[in-house]
Amino acid sequence: MSAPIDRRQVLAGGGLLVAFSFAGRGFAQLAGGGEGGAAPKVLRPDLPGSLKSHPELDSWIRIAPDGAITVFSGKAELGQGIRTALLQVVAEELDVPPFTISFITADTARTPDEGLTAGSHSMQDGGTALANAGASVRLLLTREAARRWKLPAETLTTDGDGNVAAPDGRRLGFGVLAASLSLHGEAIADAPLRDPAVYRTLGRNLPRVDIPAKLTGGAAYVQDLRLPGMLHARVVRGPSYGTRLANPDLAAAGRMPGVVRLIHDGSFVAIVARSEWQAIQAMRVAQAGDYARTRPVLPVSEGPLRLQALPSREIVVLNTRGPKRRSAKTVKARYTRPWYSHASIGPSCAVARFEKGEMTIWSHSQGVFDMQRATAELVGLPVENVRVIHTPSAGCYGQNGADDVTAEAALIAKAMPGHPIRLQWMREQEFGWEPCGCAMVTEVEAAIGPDNRITRWTYDVWSNSHNNRPVRAGGYAVAQEIASGFPPQEAKPIPMPEGDGDRNANPLYDFPDMDVRYHFVPEMPLRVSALRSLGAHLNIFSLESMLDELALAGGIDPLAFRLAHMRDERARQVMETAAQDFGWAKRPKGDGRRGCGMAFARYKNIGAYCAIAMEVEVERETGAIIIHRVHAAVDAGQPASPDGIRNQIEGGIIQSLSWAIHEEVTFDETKRTSFDWGSYPILRFDQVPGAIDVTILHRPGLPFLGAGETAQGPTSAALGNAIADATGARLRDMPMTPAKIKAAIGLVG
Amino acid sequence: MFQSPPPVLRRRTIKRLIPLLGGATGLALALTWRPAIAPIQPPPANSFSPTIVARGAALAQIADCMVCHTAPNGRPFAGGRPLKTPFGTLYSTNITPDPATGIGHWSFAAFERAMRQGVSRTGAHLYPALPYEHFTHVSDQDLGALYAFLMSRRPVAAIAPANRLIFPLGFRPMLAGWNLLFLHQGPLTIDPSESAEWNRGAYLAEGLGHCAACHSPRNLLGGEERSHLYAGGVAEGWRAPALDQSNPAKQRWTPEALYTFLRTGISPDHSAAAGPMGPVVESLSHAPDADVRAIATYIASKMAERASSSPSVPPTNKPYGARQAYPIGATLFAGACAGCHDTGAPMAGQGRPLLSLASDLSDTDPTSAIQAVLRGIEPPVADRGPNMPPFSDNLTDEQVAATLAYARARFTNQPPWPHLDRMVAKARKESQP
Amino acid sequence: MTILSVNGKSRQVTASPDTPLLYVLRDDLGLNGAKYGCGLGQCGACTVQLDRMAVFSCVTPLAAVGTRAVRTVEGLGSAEAMSPLQRAFAEEQAAQCGYCIAGMLMRAQALLDANPSPSDAQIRQHMQPNLCRCGTHIRILRAIRRAAGPLA
């Protein structure tokens, strides 16, 4: 782990660094897919990606006189490989070897505020910005060389190794050229990007830069941070959000060996000890005993359908009511998904240090910039006295406990100046207290005409907000525990085209007469926030399940039925590619046991395209599912690293299968009851598909389309379709467990 | 069922008894010779009424047919599951209607004879790993439904590996002697003084459910000791606790608690289903609700009049005394077990049984407690529930013994288990594949 | 004071004997490989080898280790000199967030130590106790296969 960098060192800088230019904040842009707080104000709408808000080149790229290049990005490595992908982008456009670049990410004191690292926006916002910034810098360097050599700039090239080259073989290093340039100017909107035909780095499978440390026990995670004098903290809590301990035995806990301090503020209790094990043991002592519920009881009998009973605000997503056409067959169905856990393998962790009035926080939050402001409010410090440095951790897949644990670490550190505090949640605290992924309900009624074309599409979706990320102190769970308290953040939907509960509720298909409504439910039966793909997961599951139900009613091939309703050429190609690779035309037809299913989506209708086809086998005696093979085709525009996308898609497929088959947050009236891996099982090795093949479509030079979430919806939908094809039983409520499949097949089998 | 010999049984003892069994066999052979029953053409699956097939499906869950007749990762009912016994290893047979390798050629008469008398269609004697001494009590109607269910399954061609038995038990006619000694045919008698539910439970538990097969001690020939039915037995290296008045549970089993246990694999006042009981509750979780209630009512009644138990007792927890007696065990427990089993651990707040309530820890026989530590516990029903890791590679035999001695001293009022080290070593040996 | 053999070196630690090996490795010896994932022996992020067997270090008290040899992912190889298994993981790019990977490596190494040429089914079965949330399973299986060499 790199040593924490002193603020003064940063500001002293070197080379081309002149000054920091952090723009004011506004409401103009949906960075991070609309999650989190308002993104920085747009200053240059003509520039691509995050350059709109941070047009100055030296916010992104600095070149020292010795040629050392430092690149800054506000996006964070979450295990999705974005660090490598962004490095490839900027290396390509600067035309330097990627490993010569020092790459600084998501640090409130050093990098541009790019909002959240979320919503599959990192390539679209951050990648595009870095591409243009790199191209702009390369253009400026080339012009400077042209000026020195008195040659026309268009005759000069770069050599891929940090030099500008003249036709006669002369070379000038970037450092030498940069020394007489200022990059504290704005990016050049039309700076020419490199020709994909001569790419050296972009589009190649560059090995991920973070992997070697992860394979060898190198310091790779916030959990591995060890600061001099660091103490270990644990929070003392009831079993889940909405509870508090009735009478924690703090006196007994305080007598435990190694305990340095008990923090007790309102109902927030934390133990600080010399060693981690001592903190855990004292926490157990304090935690023994009963708890009380502090919020309305949990909806045990209704489950997700509780959302339909709560007051909601209706948002019209689409209304294309047109002339009525004759409908031959109508299908009506309701689809649901339960509350999910993010179920990160590593419980959330943060390190905070309060020293000389300055708070430094190492956090794996996806939103270090929001966190800087919200934490400052929580601990009562000016924003500029709080610095948040993103430090990787276990994959989060949305808002897990990362933000909460950081806020709590900061509160503890504030109470113990001079002592770095490392706080990690326990496994059961992560399951019990993190915001869940939203349960959702959809109701779809659709009809086909005698020509087997869809004539009508009525769609209703019920959901809580998927965006309860803390932008104010009140967004943290602990804000309702401490004596001073902060009012909870108001839950808001994300407007289209990103959407949250209605994300992908608007079909990309060509349907006439559509009526799509989002019933936004402000009241949250369980604490919820963002989980990978937000509402797109159930919306695509519903849409793509209904397409198969209609195709079955019309006796049409599901692929042909989709293609008949799709005009978007790239969407068609993705579907046809997946079908081709899978062998859709000569697939085994459903025989009661084996079957095949497919599904498609373009994430948010503005991100990456993804089609999935899979072959499954259902054991009719038990309902057990074996997934023999999965084929995916993805169009993500110009890929930075095809293998990086492949890794994301493979992972998305497996995670979505796990959601669709196994997962469900369980609860009784007073607490969540899924608290460990026994009560919240996820997919294990024996259930992994026999094979997963991913085809990345070749799209040289086309804009980046975020691909990290695009597999979530189509995979669950393809599974439901394959089960229906195999068994004749249509499952509409996730998780589609063996027990539910067996119940649908019936005892006779 | 041969899987449950008394724990002291040694292979040599068995060998000494074999001439005796052989003698009985010799006498019985003439009387017990059985003819083959003529093969039939496999009846089409749709020749059976769906209502009857569905009834058969439910009964098959109570009988656990699939558990024994499915190989690991194999097709349901296609056989091949190994069963280790002191007499050797048996492999379950294919009971799908595949004509060549399954029971496709079996008429109902052949099926009935196998279930009631332990004789295959060909006339060969079956090993009593098939608990026909229980199935013999099943009604004609229920046997008919089971037959309809099995004959309407998907035929799977699968040949089970050959049994590997100690000489001369591979000679099947010897089993005729076993049958003379231990097979008691005929329906069970109704007890008019008990409720209809109790009688239904008795019918299911004694017949298809074959609970006594594991939960009773076995004599030297592997027959259930009829004078000690339900006094506890052995199954696959685990102790099957007594289900009579000597049941070790701290808290009395009520029909409701037992129903919850059989249905979900866990009872908050008792324990979690472990070892071979896991698949049993997995099967029962799919059985008809009323039938599981009936079984619970019947079995609970057998444990009811226990003097030593009361419906509700305060948990025993003596950490200080136990630590003084077993300091090493206390240290090991703190690092290996306390994360789940101490007060303040997450399980405690989630309705999971306290160790002070666990039967395994109060039992006179430490075998199941040892096996739970060595092999762990997998979630029995729907892959969701108690999940305890195996400690066989973390802890040595001495360390397991020290940890259990501490736990017993801390959470029960029972005397220390004698020879715990040796028992751990023996259990570890039995848990090797 | 306890003396441990970790990655071939004798190490002295002062942690109390009930401390799970996980915290001794991480906090007393500064080794990052073993991770806290659940503390319950359910996820495998903390997997290390104890006399070549894969164990959950989060439920292995220091007092239980005795003279048995502890091996962590740091004992396999370094970023500069990876072991064959680590190299196979690198070649397959078998990580996303990577939090589970050190545990995966140690469990897989235990398999290869006992059986240098396992079947695919044996690999899956052996890896069953360890959880991955990013869905890197296919690559992990491929990496272990690669390290073991093709099936004979």
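These numbers were taken from a predicted model, which means no experiment stands behind them.

Caption draft 1: Representation of the overall build of chain C within the structure. Counting secondary structure elements, chain C contains seven helices and five strands. Going from the N terminus to the C terminus, chain C shows its helices and strands as β-β-α-β-β-α-β-α-α-α-α-α. In summary, chain C has a C-alpha radius of gyration of 15 Å against a globular reference of 15 Å for 152 residues, a match within 12%. Projecting the C-alpha coordinates of chain C onto the three principal axes gives extents of approximately 45 × 30 × 25 Å. Within the span of chain C, comprising 152 residues, buried residues form 65% of the whole. Nonlocal contacts in chain C, meaning residues at least 24 apart in sequence, comprise 56% of its contacts between residues at least 6 apart. In chain C, the 15 positive side-chain charges and the 10 negative ones have mean positions that sit 6 Å from each other.

Caption draft 2: Examining the overall build of chain B more closely. For chain B, the helix and strand inventory stands at 19 helices and five strands. Against the compact-globule benchmark of 22 Å for 433 residues, chain B has a radius of gyration of 22 Å, which places it among compact chains. Counting only C-alpha atoms and orienting by the principal axes, one finds that chain B spans roughly 70 × 50 × 45 Å. Across the 433 residues that make up chain B, the buried fraction comes to 56%.

Caption draft 3: How the structure looks around the domain arrangement of chain C. Residue and element names in this part refer to chain C. Its domain assignment divides chain C into domain 1 (2-76) and domain 2 (84-148). Each of domain 1 and domain 2 was reduced to a C-alpha centroid, and the two centroids are 20 Å apart. Listed as interface residues are 18 residues of domain 1 and, on the opposing side, 13 residues of domain 2. Approximately 1,400 Å² of surface area, both sides summed, lies buried where domain 1 meets domain 2, with 59% of it carried by carbon and sulfur atoms. When the buried surface of domain 1 facing domain 2 is broken down by residue, Thr 47, Val 73 and Leu 76 rank first, second and third, together holding 33% of it. Inspection of the region where domain 1 meets domain 2 yields two salt bridges. Here Arg 52 makes a salt bridge to Asp 113, at a shortest N to O gap of 3.3 Å.

Caption draft 4: Local environment of the layout of surface pockets. Considered as a void within the structure, the second largest pocket measures approximately 1,100 Å³ in volume. Along the wall of the second largest pocket there are 41 residues; nearest its centre are Met 256, Gln 281 and Val 285 of chain A together with Ala 334 and Asp 342 of chain B. Breaking the lining of the second largest pocket down by element, the ones donating at least two residues are helix H7 (276-287) of chain A, helix H13 (319-325), helix H14 (327-336), helix H15 (338-341) and helix H18 (397-411) of chain B together with helix H1 (21-28) of chain C. Examining the composition of the lining of the second largest pocket, we find that six residues originate from one element, H7 of chain A, more than from any other.

Caption draft 5: Structural view of helix H4 (residues 84-91) of chain C. When H4 of chain C is considered as a whole, its buried residues turn out to be Leu 85, Gln 86, Ala 88 and Phe 89 of chain C. Angularly, the buried residues of H4 of chain C cover 160 degrees about the axis, an arc narrow enough to put them on a single face. The inward-facing, buried residues of H4 of chain C contact helix H5 (211-216) of chain A together with helix H3 (73-76), helix H5 (101-114) and helix H7 (137-148) of chain C. The first or second residue beyond H4 of chain C is Gln 93 of chain C, which carries a positive phi of 50 degrees.

Caption draft 6: Quick peek at the environment of Pro 642 of chain A. Residue and element names in this part refer to chain A. Summarising the element assignment, Pro 642 is placed in helix H15 (residues 642-661). Taking the relative accessible area as the measure of exposure, Pro 642 reaches 14% and is therefore buried. Each C-alpha atom, one on Pro 642 and one on Leu 310, is 44 Å from the other, the two residues being 332 residues apart in sequence.

Caption draft 7: The arrangement of the environment of Leu 423 of chain A in detail. Residues and elements named next belong to chain A. Counting through the fold element by element, Leu 423 comes out in strand S17 (residues 421-424). Residue Leu 423 is classed as buried on the basis of its relative accessible area, which comes to 0%. Residues in contact with Leu 423, not counting those within four places in the same chain, are Ala 233, Arg 234, Val 235, Ser 348, Cys 349, Ala 350, Val 405, Glu 408, Ala 409 and Ile 412.

Caption draft 8: Main features of the packing of aromatic side chains. Residues and elements named next belong to chain A. Enumeration over the complete set of coordinates arrives at 24 aromatic pairs over all chains. Judged by centre distance (6.0 Å) and plane angle (85 degrees), the ring pair of Tyr 241 and Trp 433 falls under edge-to-face. Here Tyr 241, found in the loop between strand S7 (231-236) and strand S8 (243-245), pairs with Trp 433, found in helix H11 (residues 427-433); they are 192 residues apart in sequence, far enough to count as distant. Relative accessible area serves as the criterion here: at 17%, Tyr 241 is assigned to the buried category. Centre to centre, the rings of Tyr 518 and Phe 520 are 5.9 Å apart; their planes meet at 80 degrees, and the pair counts as edge-to-face. An aromatic cluster of at least three residues, connected via ring pairs, comprises Trp 457, Tyr 459, Tyr 509, Phe 511, Phe 600 and Tyr 609. The ring of Trp 433 has Arg 237 sitting right over it, with the charged end atom 4.6 Å from the ring centre.

Caption draft 9: Molecular detail of the interface of chain A and chain C. Listed per partner, the contact involves 63 residues of chain A and 56 residues of chain C. Joining chain A to chain C, the criterion identifies 39 residue pairs in polar contact (both at pLDDT 80 or more). Looking at the side of chain A that touches chain C, the element that brings in the most residues is H15 of chain A, giving eleven residues. Of the residues in the side of chain A that touches chain C, the class split is 27 nonpolar, 21 polar and 15 charged.

Caption draft 10: Layout of the sheet that holds strand S4 (residues 157-158) of chain A. All names here are of chain A. Across the sheet, three strands lie side by side as S4-S5-S6; this open sheet has antiparallel pairing. Strands at the two margins of the open sheet, each flanked by one partner only, are S4 and strand S6 (171-173). Direction of pairing for S4 relative to strand S5 (residues 163-165): antiparallel, over a ladder of two bridges. By the bridge assignment, Thr 158 is partnered in S5 with Val 164. Contacts from helix H3 (residues 122-149) reach S4, S5 and S6 within the one sheet, and its direction differs from that of S5 by about 55 degrees.

Caption draft 11: Here's a closer look at empty space enclosed by the protein. Residue and element names in this part refer to chain B. Evaluation of the coordinates by the stated rule reveals ten cavities of 30 Å³ or more. The wall of the largest cavity is formed by 36 residues, among which His 341, Leu 355, Ala 372, Ile 377 and Met 388 lie closest to the centre. Residue assignment for the lining of the largest cavity shows that the elements contributing at least two residues are H14, H15, helix H16 (359-362), helix H17 (367-375) and H18. In terms of residue class, the lining of the largest cavity is built from 26 nonpolar, seven polar and three charged.

Caption draft 12: Highlighting the domain arrangement of chain B. Residue and element names in this part refer to chain B. Once the domains are mapped, chain B shows domain 1 (11-182), domain 2 (202-303) and domain 3 (319-431). If you average the C-alpha positions of domain 1 and of domain 2, the two centres end up 23 Å apart. At the boundary of domain 1 with domain 2, total buried surface from both sides reaches about 2,200 Å², with 67% on carbon and sulfur atoms. Per-residue buried area on domain 1 facing domain 2 is highest for Gln 61, Ile 62 and His 134; these three make up 30% of the total on that side. Viewed at the interface, domain 2 and domain 1 are joined by two salt bridges. Linking Arg 218 and Glu 133 is a salt bridge whose minimum nitrogen-to-oxygen distance equals 3.7 Å. On the surface where domain 1 and domain 2 come into contact, there are six residue pairs in polar contact (both at pLDDT 80 or more). Among the secondary structure elements, those contributing two or more residues to the side of domain 1 that touches domain 2 are helix H1 (11-32), helix H2 (50-63), helix H5 (132-135), helix H6 (140-151) and helix H7 (175-182). Grouping the amino acids of the side of domain 1 that touches domain 2 by side-chain chemistry returns 17 nonpolar, five polar and four charged.

Caption draft 13: Representation of helix H10 (residues 402-415) of chain A in the model. Residues and elements named next belong to chain A. In this model H10 runs 20 Å from its N-terminal to its C-terminal C-alpha over 14 residues, within 8% of the 20 Å that 1.5 Å per residue would give. Counting buried positions along H10 gives twelve out of 14 residues, so the element sits mostly inside the fold. Looking only at H10, the buried set comprises Ala 402, Asp 403, Asp 404, Val 405, Thr 406, Ala 407, Glu 408, Ala 409, Ala 410, Leu 411, Ile 412 and Ala 413.

Caption draft 14: Fine view of unusual backbone geometry. Cis rather than trans, the peptide bond between Met 496 of chain A and Pro 497 of chain A has omega equal to 15 degrees. With respect to the helices, strands and loops of the structure, Pro 497 of chain A is situated in the loop between strand S20 (454-463) and strand S21 (514-520). Put simply, Met 734 of chain A and Pro 735 of chain A share a cis peptide bond, and its omega is 0 degrees. Tracing the backbone shows Pro 735 of chain A in the loop between helix H16 (712-727) and helix H17 (738-745). Phi at Tyr 230 of chain B takes a positive value of approximately 65 degrees, unusual for a residue other than glycine. By the element assignment, Tyr 230 of chain B lies in the loop between helix H9 (212-215) and strand S4 (233-235). The class of Tyr 230 of chain B is buried, set by a relative accessible area of 2%. With a phi close to 75 degrees, Arg 52 of chain C is a non-glycine residue in the positive phi region.

Caption draft 15: Spatial organisation of the interface of chain C and chain B. With 18 residues of chain C at the interface, the matching set in chain B holds 15 residues. Carbon and sulfur atoms supply 59% of the area buried between chain C and chain B, which totals about 1,300 Å² over both sides. Of all residues in chain C, the largest losses of buried area upon contact with chain B belong to Asp 18, Leu 40 and Val 59 of chain C, amounting jointly to 32% of the total for that side. Our count for the contact surface shared by chain C and chain B stands at six residue pairs in polar contact (both at pLDDT 80 or more). Within the residue set of the side of chain C that touches chain B, elements represented by two or more residues are strand S4 (53-56) and helix H2 (62-65) of chain C. If you tally residues by element for the side of chain C that touches chain B, the top one is S4 of chain C, at four residues. Here the side of chain C that touches chain B is built from residues that sort into 13 nonpolar, three polar and two charged.

Conventions used here
- Residues numbered from 1 in each chain as written.
- Chains lettered and ligands numbered in written order.
- Predicted model: local features only at pLDDT ≥ 70, side-chain atom pairs only at ≥ 80, totals over all residues.
- Heavy atoms only, no water.
- Helix = DSSP H or I, 4+ residues; strand = E, 2+ residues; numbered from the N terminus.
- Rg over C-alpha atoms; globule rule 2.2 N^0.38 Å.
- Buried < 20%, exposed > 50% of the residue type's maximum accessible area, 1.4 Å probe, protein only.
- Contact = heavy atoms within 4.5 Å.
- Lys, Arg positive; Asp, Glu negative; His and termini not counted.
- Charge placed at Lys NZ, Arg CZ, Asp CG, Glu CD.
- Domains from an automatic or database assignment.
- Buried area = accessible area lost by both parts, 1.4 Å probe.
- Salt bridge = Lys/Arg side-chain N within 4 Å of Asp/Glu carboxyl O.
- 1 Å grid on protein atoms, 1.4 Å probe; cavity = no way out; pocket = protein on both sides within 12 Å on 5 of 7 lines; lining within 4 Å.
- Points joined across faces, edges and corners; volume = space filled by probe spheres on them.
- Arc of directions from axis to C-beta.
- Phe/Tyr/Trp six-rings, centres within 6.5 Å; stacked < 30°, edge-to-face > 60°.
- Lys NZ or Arg CZ within 6 Å of the ring centre and 35° of its normal.
- Polar contact = N/O pair within 3.5 Å; in protein donor to acceptor, adjacent residues only side chain to side chain.
- Nonpolar A, V, L, I, M, F, W, Y, C, P; charged D, E, K, R; others polar.
- Pairing = 2+ DSSP bridges.
- Axes fitted to C-alpha atoms, helices over the stretch in contact; angles between N-to-C directions.
- Expected span 1.5 Å × (residues − 1).

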